[in-house]
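Understanding the architecture of this molecule
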Amino acid sequence: MRAGEVRVGVDIGGTFTDFVVQDVATGATRNHKVLSTPEDPSIGMLQGLDELGIVDDAKVLVHGTTAGLNALLSRSGERIALVTTAGFGDVPVIGRGGNADIWNLRPVRPEPLVRPEDIITIEERTRFDGRVDAGVAEQDGRRAAAWLIEEGIDSVAVVFLHAHQNPANELAMRAHLARFAPTVSVVLSHEAAPEQGEFERMSTTLATAYVARTVDKYLKNLAVELDRRDCRAPLQVMRSSGGICSAELVTRQPIQTILSGPAGGVVAVATLAKRLSRPNLIAIDMGGTSSDVSLVVDGKNVLATEVEIAGQVMRMPVVELHTIGAGGGSIARTEAGGLRVGPKSAGSTPGPACYGRGGTEPTVTDAHLLLGRIDAERFLGGHMRLDRRAAERAIAALGDLLEMPTEQTAEGILAVANGLMANAIRTLAMRRGVDPREFSLVAFGGAGPLHGAALADELGITEVIVPFATGVLSAWGMLHADVRHDLSAPISGLADDPEVLSRLDVLAEALRAEGSRLLDLERVPKEQREYILSADMRYVGQEHTLTVRLDDAVKLADNFHSAYRSRYGHAMQRAAVEFSNVRLAATGVTPSMDEGLRPTRADATAEHRDVWFAGSRHRAGIVSRDSLTADAVRGPAVIEEAGSTTLVPPSWEAIRDESNAIVLRKVNS
């Protein structure tokens, strides 16, 4: 092992790109930030790596990519086509047939990713049990290929009815397209989402086809640039499930990078839960563009099997998040006579008014600056100077519209943002049937610690934790993520049927063999491998499922009843239970390292400035994080560090614990 080797985690956000560099020999870490480059996220990443000067020393390089998410949100992906079973070409438009906004008499449905005129239907049919009634004729394959070439479409989704039970017809169509249109990228539904659910399988496959070429092009270009810089580390990518895999393998399932960045934060909080001996945590990751809320229950990430983003449903393992458009760059405005914040963001260009990059609209960051909560001279450790007058002008203009004083308008902006985040936490907590008051709140991201105590007050939480490296915690989490591949297969039948359980064993062995093959490709040592088997289960007659671990087949039904009671408050002990899908998580466990987190020490300085709280000006102490000790700092106070600022309001106090985390606790009045 060469001296000076490092592990590097990179989180590309909407406003900033964050870096964590960990020395392999000592475990010591250092952090870095640069402004993101939305036009090409790799530019900001490469700029930061060049500034750090550690590319040729990297042993591990993990990053979260926003390429697929940006393509989906901005509708800038490839034009795609859909080849599907005759009679089912309208599934993308019909969707689930419901109205997400039940109070809206004129609901606006999200536009499908494929245009109606780009849908080709084929006279083929596979039955529900996998028997093929009609195959795919060569002339249909030739006709589809000729049309794709004529239209200049380079990516096509093939979704045939019941292909998850028997993929023969989809494989035949791919063979025809490979013969007659070899340059076209083909995505098959039984590979993208091999599960029950006609619409969900189609929607996932369409989204995969839509972002596939964008993600592939991005990763290939990034690999070329890293190679030019003599980077020896294999490029790894964070996945939405909270695991990582090689860039080469992730291009087979590009849709699984869609929540790449936020997943790093969830992994970081689960890691902290173990180190802090606090198994139940609520996490709020507030960056420049948005805020992500997640849960850690009993020391583990909470995973979902489906996610909906920009109106598109995707069936895949994903860390359960609730994302809202409330970040440091979220723009405040008037609407119907009231004050609104977000979801529109100033981003990094032009950024908040105080950035001095041409922004004129008031944002959350401008409000914090105006109220004295962040220092104009020491933002980002002094690497970026803020313009307080520009912030004041922007907020004063909004205050004139609302007929409110400037400082009151700024406090109103923060109150609205806090309300949005508190509601997001309540939504996620209710979905999982937990009481937020029984959890500690972990506030991180560049802006999260400024809001942590206020959110805790609103939710009745008495402890807030601000972890080390809080401004770059998602990037730090990526260095602690396991290699992970998620596999699934459909299975139908009752959970107490011996024949069904026998089929379950056969499927489990097949999934394990495939998982082992993928871990071989990742070069994961045998002793670091784990295989976790689970099943989607439901009461007979229900549509939705719960995922239950298959640790003990004898107690499987009991485990389902228990999980159902935990989620919904009741269980139907005598009702029949059936399977829907079987899942396997094949993981390569990342060895833990000594983080080198011994707190640095700095002498405390007697510094103060005026900070606004609850409509009045307070003289607040300004404390460097490095000078913080186990002795309590009583609020009002502001704790500053290079990547973030922690606010300690009146009636709160802060200490630094042995793990180098700031712990804020409510002071009993």
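Residues numbered from 1 in each chain as written. Predicted model: local features only at pLDDT ≥ 70, side-chain atom pairs only at ≥ 80, totals over all residues. Heavy atoms only, no water.

A few words now on the overall build of the protein. Per the secondary structure count, the protein includes 16 helices and 33 strands. A principal-axis box enclosing the C-alpha atoms of the protein has dimensions of 80 × 60 × 55 Å. Counting every position in the protein, which comprises 669 residues, the buried fraction comes to 55%. Residue pairs in contact within the protein that sit at least 24 positions apart in sequence constitute 67% of those at least 6 positions apart. Entry remark: accessible area of the protein is about 28600 Å², with carbon and sulfur atoms responsible for 50%. Distance between charge centroids for the protein: 1 Å, based on 70 positive and 87 negative side chains. (Helix = DSSP H or I, 4+ residues; strand = E, 2+ residues; numbered from the N terminus. Buried < 20%, exposed > 50% of the residue type's maximum accessible area, 1.4 Å probe, protein only. Contact = heavy atoms within 4.5 Å. Areas by Shrake-Rupley, 256 points an atom, 1.4 Å probe, with all protein chains shown as cover. Lys, Arg positive; Asp, Glu negative; His and termini not counted. Charge placed at Lys NZ, Arg CZ, Asp CG, Glu CD.)

Below, the discussion takes up the environment of Leu556. As for its position among the elements, Leu556 is in helix H16 (residues 556-568). Taking the C-alpha atoms as reference, Leu556 lies 28 Å from Ala273; in sequence the two are 283 residues apart. Once you skip the residues sitting within four places of it in the chain, Leu556 turns out to touch Met537, Val548, Arg549, Leu550 and Phe579.

Glycine aside, negative phi is the norm for most residues, and most peptide bonds take the trans geometry. The step from Gly342 to Pro343 runs through a cis peptide bond, and the omega angle for that step is 0 degrees. Locating Pro343 in the fold gives a position in strand S20 (residues 338-345). The residue after Gly635, namely Pro636, is reached through a cis peptide bond having omega 5 degrees. Even without being glycine, Ala336 reaches a positive phi, approximately 55 degrees. Position of Ala336 relative to the elements: it lies in the loop between strand S19 (330-335) and S20. In this structure, Asn660 is a non-glycine residue whose phi angle is positive, near 75 degrees. Within the secondary structure, Asn660 sits in the loop between strand S32 (652-656) and strand S33 (662-666).

What follows concerns the sheet that holds strand S30 (residues 637-640). Sheet architecture is open: 4 strands sit in the order S27-S28-S30-S31, paired in mixed fashion. With one partner strand each, in any of the chains shown, strand S27 (607-613) and strand S31 (645-648) form the two edges of the open sheet. Ignoring strand direction, the axes of neighbouring strands in this sheet form an average angle of 30 degrees. In this structure, S27 lies alongside strand S28 (residues 616-624), joined through 7 bridges in antiparallel fashion. For Asp610, the partnering residue across the bridge sits in S28 and is Arg619. (Pairing = 2+ DSSP bridges. Axes fitted to C-alpha atoms, helices over the stretch in contact; angles between N-to-C directions.)

Our next topic: the sheet that holds strand S5 (residues 80-85). In space, the 4 strands of this open sheet follow the order S6-S5-S9-S10, with parallel pairing throughout. A strand with exactly one partner marks an edge of an open sheet, and here the two such strands are strand S6 (119-122) and strand S10 (185-188). The sheet shows a mean angle of 20 degrees between the axes of neighbouring strands, direction not considered. Relative to S6, S5 is paired through 4 bridges, and the arrangement is parallel. Within S6, the residue paired with Thr85 across the bridge is Ile122. This element, helix H4 (residues 138-151), spans S5, S6 and strand S9 (155-159) of the sheet and lies at about 175 degrees to S6.

What follows deals with the packing of aromatic side chains. For the coordinates displayed, the defined rule picks out 6 aromatic pairs. With a centroid separation of 6.1 Å and an interplanar angle of 50 degrees, the aromatic rings of Tyr355 and Phe379 are classed as tilted. With Tyr355 in the loop between S20 and helix H10 (364-370) and Phe379 in the loop between H10 and helix H11 (388-402), this residue pair connects regions lying 24 residues apart in the sequence. Each ring, one from Phe468 and one from Trp476, has its centre 5.1 Å from the other, and the planes form 85 degrees; the classification is edge-to-face. Trp476 matches Phe468 in its accessibility class, with the two residues each being buried. Ring-pair connections join several aromatic residues into one group, and the members of that group are Tyr539, Phe560, Tyr564 and Tyr568. (Phe/Tyr/Trp six-rings, centres within 6.5 Å; stacked < 30°, edge-to-face > 60°.)

Relative to the helices and strands, His63 resides in strand S4 (residues 58-64). Distance from His63 to Gly448, taken between C-alpha atoms, is 21 Å for residues 385 residues apart in sequence. Those residues in contact with His63, other than ones at most four positions away along the chain, are Val10, Ile12, Met45, Tyr218, Leu219, Leu222, Leu235, Gln236, Val237, Met238, Ser260 and Met478. Within polar-contact distance, the side chain of His63 engages the side chain of Tyr218 at 3.0 Å. (Polar contact = N/O pair within 3.5 Å; in protein donor to acceptor, adjacent residues only side chain to side chain.)

A few words on the packing of H11 against helix H12 (residues 406-432). It is the contact of H11 with H12, at a shortest axis distance of 8 Å, that shows an interaxial angle of 90 degrees. Viewed along their axes, H11 and H12 adopt a mutual orientation that is roughly perpendicular. Here Glu392, Ile395, Ala396, Leu398, Gly399 and Leu402 of H11 come into contact with H12, specifically with Thr406, Thr409, Ala410 and Ile413. Across the contact of H11 with H12, the residue classes tally to 6 nonpolar, 3 polar and 1 charged. (Parallel < 35°, antiparallel > 145°, perpendicular 65-115°, else oblique. Nonpolar A, V, L, I, M, F, W, Y, C, P; charged D, E, K, R; others polar.)

So, about the side chain of Thr126. Residue placement: Thr126 occurs in strand S7 (residues 125-126). The contacts of Thr126, once residues within four sequence positions are left out, are Arg131, Val132, Leu161, His162, Asn166 and Asn169.

Glancing now at the pairing of strand S24 (residues 529-539). Strand direction decides the pairing type here: S24 and strand S26 (residues 577-588), joined by 11 bridges, are antiparallel. Its bridge partner being in S26, Arg529 is matched across the sheet by Gly588. Relative to strand S25 (residues 546-549), S24 is paired through 4 bridges, and the arrangement is antiparallel. In the sheet register, Ala535 faces S25, and the bridge partner there is Val548. Turn length for the S24-S25 hairpin, with the two strands adjacent in sequence and antiparallel, is 6 residues, and the turn residue Gly541 shows positive phi of about 100 degrees.

The topology assignment puts Thr37 in the loop between strand S3 (29-35) and helix H1 (41-52). Separated by 2.7 Å, the side chain of Thr37 and the backbone oxygen of Asp40 make a polar contact. Only 2.9 Å separates the side chain of Thr37 from the backbone nitrogen of Gly44, close enough to count as a polar contact.

Within the structure shown, the criterion is met by 0 disulfides. Residue Cys245 stays outside any disulfide, its sulfur separated by 17 Å from that of Cys231, the closest cysteine. When its relative accessible area of 0% is taken as the criterion, Cys245 is described as buried. (Disulfide = S-S within 2.5 Å.)

What follows covers the confidence of the model for the protein. Across the protein, the average pLDDT comes to 89, with 97% of residues at or above 70. Per-element mean pLDDT across the protein ranges from 80 in helix H2 (residues 67-74) up to 97 in S5. (pLDDT = per-residue confidence, 0-100.)

What follows is about the pairing of strand S17 (residues 312-319). With 8 of its 8 residues buried, S17 lies for the most part within the structure. What sits between strand S16 (residues 303-309) and S17 in their antiparallel hairpin is a turn of 2 residues, with Ala310 showing a positive phi close to 55 degrees.

Turning our eyes to something else, we now look at the pattern of salt bridges. One pass over the full model with this rule turns up 45 salt bridges. Between Arg96 and Glu306 there is a salt bridge, with its nearest N and O atoms 2.6 Å apart. Of this pair, Arg96 sits in the loop between helix H3 (91-94) and S6 while Glu306 sits in strand S16, and the two are 210 residues apart along the sequence. Looking at Arg96, the relative accessible area reads 45%, which means it is partly exposed. Look at Glu306 and you get partly exposed, because its relative accessible area is 27%. Where Glu138 meets Arg142, a salt bridge forms, and the shortest distance between an N and an O atom there is 3.1 Å. Note that Glu138 and Arg142 are positioned in helix H4 at a spacing of 4 residues, about one turn of the helix. Take Glu138: its relative accessible area is 34%, and that puts it in the partly exposed class. One salt-bridge network, held together by shared partners, links Arg96, Glu195, Glu200, Glu306, Arg315, Asp536 and Arg583. (Salt bridge = Lys/Arg side-chain N within 4 Å of Asp/Glu carboxyl O.)

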